[in-house]
Amino acid sequence: MVPAWKARREVKRVWLKVFDRLTAPFERLVQLNYDANFPTHVRLTDGKIRPTAKLAIFFTYQPRGFAKSVFVSCEHLKDLGYTTLLVSSAPVSDADRDALLQTCWKIVERPNYGYDFGGYRDGVRVMQDAGLTPETLLIVNDSIWFPIADDSRMISNMEADDLWFNSPVFENKPGRNKKNQHFQSYLTLVKSKALRSAAFRDYWRDYRVSSRKRVVLLRGEKGFSQAMFKAGFGGDAPSTRSILIGHLHGQTNEFLCKTLQYAAYENDDLLIEARALLESYADNDDWRDAALVHMQKALVSTQPMGAFCYACIKLLNFSFMKKSSYPVVHDGMRWQYLRAVRNGDLPAPHPDVLAEIMASRMDAGQTTDPSNPGHVSAIHAA
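Conventions and cut-offs
- Residues numbered from 1 in each chain as written.
- Predicted model: local features only at pLDDT ≥ 70, side-chain atom pairs only at ≥ 80, totals over all residues.
- Heavy atoms only, no water.
- Helix = DSSP H or I, 4+ residues; strand = E, 2+ residues; numbered from the N terminus.
- Contact = heavy atoms within 4.5 Å.
- Buried < 20%, exposed > 50% of the residue type's maximum accessible area, 1.4 Å probe, protein only.
- Pairing = 2+ DSSP bridges.
- Right-handed = clockwise from strand over helix to strand, strands pointing away.
- Core = buried A, V, L, I, M, F, W, Y, C linked by side-chain atoms within 4.5 Å.
- 1 Å grid on protein atoms, 1.4 Å probe; cavity = no way out; pocket = protein on both sides within 12 Å on 5 of 7 lines; lining within 4 Å.
- Points joined across faces, edges and corners; volume = space filled by probe spheres on them.
- Nonpolar A, V, L, I, M, F, W, Y, C, P; charged D, E, K, R; others polar.
- Axes fitted to C-alpha atoms, helices over the stretch in contact; angles between N-to-C directions.
- Polar contact = N/O pair within 3.5 Å; in protein donor to acceptor, adjacent residues only side chain to side chain.
- Phe/Tyr/Trp six-rings, centres within 6.5 Å; stacked < 30°, edge-to-face > 60°.
- Lys NZ or Arg CZ within 6 Å of the ring centre and 35° of its normal.
- Disulfide = S-S within 2.5 Å.
- Patch = residues over 30% accessible without salt bridge, like charges linked within 9 Å, V, L, I, M, F, W, Y side chains within 5 Å.
- Areas by Shrake-Rupley, 256 points an atom, 1.4 Å probe, with all protein chains shown as cover.
- Salt bridge = Lys/Arg side-chain N within 4 Å of Asp/Glu carboxyl O.
- Lys, Arg positive; Asp, Glu negative; His and termini not counted.
- Charge placed at Lys NZ, Arg CZ, Asp CG, Glu CD.

Moving on, we come to the environment of L217. On the secondary structure map, L217 appears in helix α9 (residues 213-230). Put simply, L217 and S185 are 32 residues apart on the chain and 9.4 Å apart in space, counted from C-alpha to C-alpha. If we ignore the near neighbours within four places in the chain, the residues touching L217 are K222 and G223.

Below, the structure written as structure tokens:
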């Protein structure tokens, strides 16, 4: 007999497919109208920066006014040699616009339509309408704090990598269908060969805009990756999880211990296990083997940066942090990140970024912080 949860999942899957078919014609009409009247839907403002060989499409949604970290990101992109095309899905105040124009090529103000991929698509259109063919395109959105280290080599390493299409995080879970493999889309790098390809052109030309998050994930984050992978760009990379584990195997026991000291978990059993490993720390092979097995197990279900922020920043040069509280392990990650900064084990970010992280939602109960011995978080207990 089929378990009830499987039956419910299948019913939901079928219903969503039917719903997608029913709503597709309406979404298509909305998109055709939007595209046909594009100049009336958007406001374009020229900035002070001239186009270069490197362009960044920076999508933002800041309806209450721009956070200071957005200006930090724009300055950082400028320092990296990128011309920024800032796309805002909320109106921009005169003061924010004047400030942003100092570090941007153009500002696009548009309706809150299609989430980030709707904004990316408009950015690509503005780029193409201007006749720009950059050597490198960076697509980034404000769902991350970026950078969290001024001297980060993350972007330069991606630029030097032999992948034409790349991102810091590649989701490629063992046993999953290849159609689910994708780069996380909050920061994606597209280099010349991929940027000039038919796959890139056709994807954005044919992209069907939706304002439903589930559909945007399928057509956007996964769809964009799959289109580029099928064209031979980037799909053969190992998963970020496997890269991190490979690096961890080459570290000292002391480094592994520190990784666990700054770890965060969604799973209470894994949290208890991590605390036991810290309490039993010994600089020998038995402890090392147990720690590596634990880390491998934790990474099966948890994103690398969420579980082991210290190791990701140190070993993978990650220079971003998710603002989202989903998955909830990010609440613990931010707590641990700030502990590492206070302890001098990680460099402090720009003061404006640091202030925003400190003001964000955190949950020490999900971490191995010894000052918080309870292993069931307030969120889980609610």
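Turning to the pairing of strand β2 (residues 54-60), a few remarks are in order. Most of β2 sits inside the fold, with 6 of its 7 residues counted as buried. Judged from the 6 bridges that link them, β2 and strand β5 (residues 136-141) form a sheet pairing that is parallel. Among the inter-strand pairings, L55 is bridged to a residue of β5, identified as L137. With 6 bridges connecting them, β2 and strand β3 (residues 83-88) associate as parallel partners. Within β3, the position partnered with T60 by the bridge is S88. Assessed by its sense of winding, the connection that carries the chain from β2 through helix α3 (residues 68-79) to β3 is right-handed.

It is worth spelling out the nonpolar core at this point. In terms of nonpolar packing, the biggest core is built from 68 residues, with L187, L248, F308 and Y337 touching the most fellow members. Apart from the residues within four sequence positions on either side, Y337 is in contact with I148, C309, I313, M321, L346, P347, P349 and I357. If you look at the next biggest cluster of nonpolar residues, it comprises 37 residues, including F59, A194, A199 and Y203.

Moving on: the layout of surface pockets. In this structure, the second largest pocket encloses a volume near 420 Å³. As for the second largest pocket, its lining consists of 19 residues, of which D161, S167, P168, I243 and L316 are closest to the centre. For the lining of the second largest pocket, the secondary-structure elements that each account for two or more residues are α6 (154-160) and α10 (240-249). Counted by class, the lining of the second largest pocket contains 12 nonpolar, 6 polar and 1 charged residues.

Spatially, the 7 strands line up as an open sheet ordered β1-β4-β3-β2-β5-β10-β7, and their pairing is mixed. Each end of this open sheet is capped by a strand with a single partner; those strands are β1 (43-46) and β7 (165-166). The sheet contacts of α3 involve β2, β3 and β5, and relative to β2 the element is tilted by about 170°.

On to the side chain of S210, then. Mapping S210 onto the fold places it in the loop between α8 (198-206) and α9. Classification of S210 as buried rests on a relative accessible area of 1%. A distance of 3.1 Å separates the side chain of S210 from the backbone nitrogen of R212, its partner in a polar contact.

Our focus in this paragraph is the packing of aromatic side chains. For the coordinates displayed, the defined rule picks out 27 aromatic pairs. Summarising the aromatic geometry, the rings of Y34 and F38 are spaced 6.0 Å apart at their centres and angled 80° between planes, so their arrangement reads as edge-to-face. Classification of F38 as buried rests on a relative accessible area of 5%. Three or more aromatic residues joined by ring pairs make a cluster, and in this case those are F59, F117, Y120, F165, F170, F183, F200, Y203, W204, Y207, F224 and F229. The positively charged end of R125 is found above the aromatic ring belonging to F38, 4.1 Å away from the centroid.

Before going further, it helps to examine the state of the cysteines. A complete count under the given rule lists 0 disulfides for this structure. With no disulfide of its own, C74 has C104 as its nearest cysteine by sulfur position, at a separation of 4.1 Å. Looking at C257, it has no disulfide partner, and the nearest cysteine sulfur is the one in C309, 15 Å off.

The subject of this paragraph is a negative patch on the surface. Taken together, the side chains of E254, D283, D285, D286 and D289 make up a negatively charged region of the molecular surface. Element by element, the count of residues in the negative patch is highest for helix α13 (residues 285-301), at 3 residues. Inspection of the secondary structure assignment puts D285 in helix α13.

Turning our eyes to something else, we now look at the pairing of β5. The buried fraction of β5 amounts to 6 of the 6 residues, a majority that puts the element mostly inside the structure. The side-chain alternation of β5 yields two buried faces, one formed by T136, L138 and V140 and the other by L137, I139 and N141. Across 5 bridges, β5 lies against strand β10 (residues 187-191) in antiparallel orientation. Bridge pairing in β10 places I139 opposite T188.

As a further point, take the side chain of T83. In this fold, T83 is placed in strand β3. T83 gets classed as buried once you look at its relative accessible area, which sits at 1%. Among the polar contacts listed, one links the side chain of T83 to the backbone nitrogen of T52, at a separation of 3.0 Å.

In the structure shown here, the tally under the stated rule is 20 salt bridges. Residues R97 and D94 are paired through a salt bridge, measuring 2.9 Å at the closest nitrogen-oxygen approach. Of this pair, R97 and D94 both sit in helix α4 (residues 94-100), 3 residues apart, roughly one helical turn. Classification of R97 as buried rests on a relative accessible area of 5%. Residue class for D94 comes out exposed when judged on its relative accessible area of 54%. Overlapping salt bridges bring together R43, D94, R97 and E109 as one network.

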